[in-house]
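Structure assessment
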There are 2 protein chains.
Amino acid sequence: MKVLIIHAHPEPNSFCAALKSAAEEEFRNDGHEVRVSDLYAMRFNPVASSADFSDRVNPDYCVYALEQRHAVNTGTLSEDVQVELDKLLWCDLLVLNFPIFWFSTPAILKGWIDRVLVSGVVYGGKRFYDRGGLRGKRALVSVTLGGQEHMFGSRGIHGPLQEMLKHLLQGTLAYTGLQVHTPFIGWHVPYISSDDRLAILRAWRDRIRSLNGESTLPYPSLDDFDDNLVLSG
Amino acid sequence: MKVLIIHAHPEPNSFCAALKSAAEEEFRNDGHEVRVSDLYAMRFNPVASSADFSDRVNPDYCVYALEQRHAVNTGTLSEDVQVELDKLLWCDLLVLNFPIFWFSTPAILKGWIDRVLVSGVVYGGKRFYDRGGLRGKRALVSVTLGGQEHMFGSRGIHGPLQEMLKHLLQGTLAYTGLQVHTPFIGWHVPYISSDDRLAILRAWRDRIRSLNGESTLPYPSLDDFDDNLVLSG
């Protein structure tokens, strides 16, 4: 299996970085190929803009997705985007590893999503959800956060974390055709003991070793929807 | 009323920018003060990192929120952050105006959230939701997207857009104490006629004029939760 880990934490010595390193090691030990994009270390540019396109289909008015499709067709994607897109198309499993910032990804990772999930390759027309450009691949989100698990229960103040992350799990990962695993969540990380952190690392390594036997989360299938994308029947 | 509009679209002549300009005009015509942060025009830096702090509480290990609190206490917030924070504290109504990218904000706006919603001012400890640092102020999200409204109905393939935006509406805006208006949504914008776009602009102007009479969305109140932030009773 080919594994791409996208890691985005501002502190190189963070516990989140330890999760990244543990994942790298476990996947390699298990015989998989692993590539890592450490977005902060790469100083990845997260801003989708017309500067991404050297050969514009319309130099006067930038429709970002249309310029992406033109850049794909003419082989003129920005080099930093092309490199990441090649890694994404290479992998069988995409791992997004990050600290929760405002119930979502840090901006640098949102920008990787905005720029690398290229229209015309990853999605476009009716190629989304189970017909998306990344179908056949899988995704796993691993996060750290300050909150505690009981705050995200059915009676917890925030509601389930998976609902907060719907834009990412369904709207982004499942949308592109990826089969999405249940997220791995490192709760309350800034406030817990070293022993508790080591327990999270052990649980993470166990999770990685058993990943292939897991079923993934249910998301819409285009077969169930009519031409207006409304539920049939 | 003091209104701060945060606008984030890569194309200066976009319909989304027209929504921004219309809002500016309507609020001013109605006697309100308006300030606009056009994040792309400002080349706003969206990457939260240790480079934001000139005087570190811990130079060897960056916990971003702790450095934010220290920077607030020592008056050493990064200047671009301080300017935006001052605008945020000045306003009575925050308007976020942007195109939906992957069922969320463009990265440049996510970075404004990551960097400007400063710990120790906007939230911290038990100061969140209706005890958040921005309580007493209101927020309005206005977006454009390619999708059509029926794709986001109860039988639509994506489910309600407000659920996709829960991380923003609840997890970010309501979390900081803002009263959150129902979002204004410009559906299917890239594919509709000029007449239909003008109709959206008219509806937007009408919406702005009637905003003060609206009730806002319901979000958690800390009064209803116990010390573990689990629903009481």
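This report concerns the structure included in the present document.

Scoring rules and cut-offs
Residues numbered from 1 in each chain as written. Chains lettered and ligands numbered in written order. Predicted model: local features only at pLDDT ≥ 70, side-chain atom pairs only at ≥ 80, totals over all residues. Helix = DSSP H or I, 4+ residues; strand = E, 2+ residues; numbered from the N terminus. Rg over C-alpha atoms; globule rule 2.2 N^0.38 Å. Buried ≥ 20, exposed ≤ 12 C-beta atoms within 10 Å, placed from the backbone. Contact = placed C-beta atoms within 7 Å. Axes fitted to C-alpha atoms, helices over the stretch in contact; angles between N-to-C directions. Left-handed = near helix turned anticlockwise from the far one by under 90°. Nonpolar A, V, L, I, M, F, W, Y, C, P; charged D, E, K, R; others polar. Least-squares fit on C-alpha atoms with pLDDT ≥ 70 in both. Parallel < 35°, antiparallel > 145°, perpendicular 65-115°, else oblique.

1. Section: the overall build of chain A
A count of helical and extended segments in chain A gives eight helices and six strands. Each helix and strand of chain A, ordered N terminal to C terminal, gives the series β-α-β-α-α-α-β-α-β-α-α-β-β-α. For chain A, whose C-alpha radius of gyration is 18 Å, the value lies close to the compact-globule estimate of 17 Å for 233 residues. Taken over the C-alpha atoms alone, chain A extends approximately 55 × 50 × 35 Å along its principal axes. Expressed as a percentage of the 233 residues in chain A, the buried residues total 47%. Taking all contacts inside chain A whose residues are at least 6 apart in sequence as the whole, residues at least 24 apart take part in 78%.

2. Comments concerning the environment of N73 of chain B
Structurally, N73 of chain B is set in helix α3 (residues 64-74). In sequence terms N73 of chain B and G120 of chain B are 47 residues apart; their C-alpha atoms lie 8.7 Å from each other.

3. Regarding the packing of helix α1 (residues 15-29) of chain A against helix α8 (residues 194-209) of chain A
Residue and element names in this part refer to chain A. In contact at an axis separation of 10 Å, α1 and α8 are set at 35 degrees when each is read in the N-to-C sense. Regarding α1 and α8, the two cross each other, and that crossing is right-handed. Along its contact with α1, which presents F15, A18, L19, A22, A23, E26 and F27, the element α8 presents R197, L201, W204, R205, I208 and R209. Among the residues making up the contact of α1 with α8, the classes are represented as nine nonpolar, no polar and four charged.

4. Some points on the relation of the copies chain B and chain A
For the match of chain B to chain A, the screw axis carries a shift of 0.0 Å, the RMSD comes to 0.0 Å, and the turn is 180 degrees. Both copies of the chain, as the preceding transformation shows, are related through a two-fold rotation axis. For chain B, the residue whose C-alpha comes nearest the rotation axis is A107 of chain B, separated from it by 2.5 Å. Mapped onto chain A, 100% of the interface residues of chain B again fall at the interface, so both copies present the same surface.

5. Remarks on the interface of chain B and chain A
Contacts between the two partners involve 44 residues from chain B, matched on the other side by 45 residues from chain A. At the level of secondary structure, the elements contributing two or more residues to the side of chain B that touches chain A comprise α5 (107-116), α6 (161-164) and α7 (166-173) of chain B. With six residues, α5 of chain B is the single largest residue contributor to the side of chain B that touches chain A. Partitioning the side of chain B that touches chain A into residue classes produces 26 nonpolar, 12 polar and six charged.

6. Some remarks on the packing of helix α4 (residues 79-90) of chain B against α5 of chain B
Residues and elements named next belong to chain B. Look at α4 against α5: their axes get within 10 Å of each other, and the N-to-C directions meet at 85 degrees. Our classification of the angle between α4 and α5 gives roughly perpendicular. When α4 is examined against α5, the residues V81, E84, L85 and L88 are found in contact with a partner set consisting of W112, R115 and V116. Looking at the contact of α4 with α5, its residues break down into five nonpolar, no polar and two charged.

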